[in-house]
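# Remarks on the overall topology
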Amino acid sequence: MNSADTFSSSCHSCLYRQWEEECVMYNPVSGETHLLEATAAKILITIAAAPTRYDQLSLLLKEQLDDVSETEIDEYLCTTLQKLQDLSLIHISEPTRQA
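Here's a quick rundown of the structure. Since the model is a prediction, treat every value here as computed from it, not as a measurement. (Residues numbered from 1 in each chain as written. Predicted model: local features only at pLDDT ≥ 70, side-chain atom pairs only at ≥ 80, totals over all residues. Heavy atoms only, no water.)

## With respect to the overall build of the chain
- A tally of regular secondary structure across the chain gives three helices and six strands.
- Mapped in sequence order, the helices and strands of the chain form the string β-β-β-β-α-β-α-α-β.
- The C-alpha atoms of the chain give a radius of gyration of 14 Å, which matches the 13 Å a tight globule of 99 residues would have.
- Every one of the 99 residues in the chain was classed for burial, and the buried ones make up 31%.
- Expressed as a percentage of contacts within the chain between residues at least 6 apart in sequence, the contacts between residues at least 24 apart total 54%.
- In the structure as shown, the chain presents an accessible area of about 6,400 Å², 50% of it carried by carbon and sulfur atoms. (Helix = DSSP H or I, 4+ residues; strand = E, 2+ residues; numbered from the N terminus. Rg over C-alpha atoms; globule rule 2.2 N^0.38 Å. Buried < 20%, exposed > 50% of the residue type's maximum accessible area, 1.4 Å probe, protein only. Contact = heavy atoms within 4.5 Å. Areas by Shrake-Rupley, 256 points an atom, 1.4 Å probe, with all protein chains shown as cover.)

## Here we look at the pattern of salt bridges
- Counted under the stated rule, the structure contains two salt bridges.
- Salt-bridge contacts for arginine 53 lead to aspartate 55; the nearest nitrogen and oxygen are separated by 2.9 Å.
- For arginine 53, a relative accessible area of 34% translates into the label partly exposed.
- A relative accessible area of 29% means that aspartate 55 is categorised as partly exposed.
- As a salt-bridge pair, glutamate 70 and lysine 62 come within 3.3 Å of each other at their nearest N and O atoms.
- For lysine 62, a relative accessible area of 29% gives the class partly exposed. (Salt bridge = Lys/Arg side-chain N within 4 Å of Asp/Glu carboxyl O.)

## Describing unusual backbone geometry
- You will see that serine 88, though not glycine, has its phi angle at about 60°, which is positive.
- Along the chain, the position of serine 88 falls in the loop between helix 3 (70-86) and strand 6 (91-92).

## Here's the deal with the packing of helix 1 (residues 38-49) against helix 3
- The N-to-C vectors of helix 1 and helix 3 enclose an angle of 65°; their axes lie 11 Å apart at closest approach. In terms of orientation, helix 1 and helix 3 fall into the roughly perpendicular class. Every pair of crossing elements has a handedness; the one defined by helix 1 and helix 3 is right-handed. Counting all contacts with helix 1, which are made through Thr39, Ala40, Ile43, Leu44 and Ile47, the residues of helix 3 involved are Tyr76, Leu77, Thr80, Leu81 and Leu84.
- Per-class residue counts for the contact of helix 1 with helix 3 are eight nonpolar, two polar and no charged. (Axes fitted to C-alpha atoms, helices over the stretch in contact; angles between N-to-C directions. Parallel < 35°, antiparallel > 145°, perpendicular 65-115°, else oblique. Left-handed = near helix turned anticlockwise from the far one by under 90°. Nonpolar A, V, L, I, M, F, W, Y, C, P; charged D, E, K, R; others polar.)

## Here we look at the sheet that holds strand 6
- Spatial strand order, 5-1-6: three strands in an open sheet with antiparallel pairing. Only two strands of the sheet have a single partner each, and these edge strands are strand 5 (52-53) and strand 6. (Pairing = 2+ DSSP bridges.)

Written out as structure tokens, the structure reads:
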């Protein structure tokens with residue numbers, strides 16, 4: 001993944017319930033329920049609200065996790081985005097072509 005990758009989600013209608021460190025997410029489109037940790041849920045909710053670039057997600061995490069190294073944040077973000085893709089909760093948007 002690179003900083004220009006943009007992620008989208010069809011989870012606009014997903015229902016979720018969040019506790020301190022975890023979140024249960026129900027996707028009415030697929031009928032599947034997923035248990036996510038709180039930060040992964042925040043990433044998904046952000047992407048569901050509007051297509052979001054990798055660098056924007058990275059900055060969001062860096063602002064919230066100021067005691068975690070940039071390398072650890074990037075590793076976490078890559079792993080989490082891949083897991084969300086594997087669950088079909090997000091996808092990488094096709095780049096738009098400039099005329």
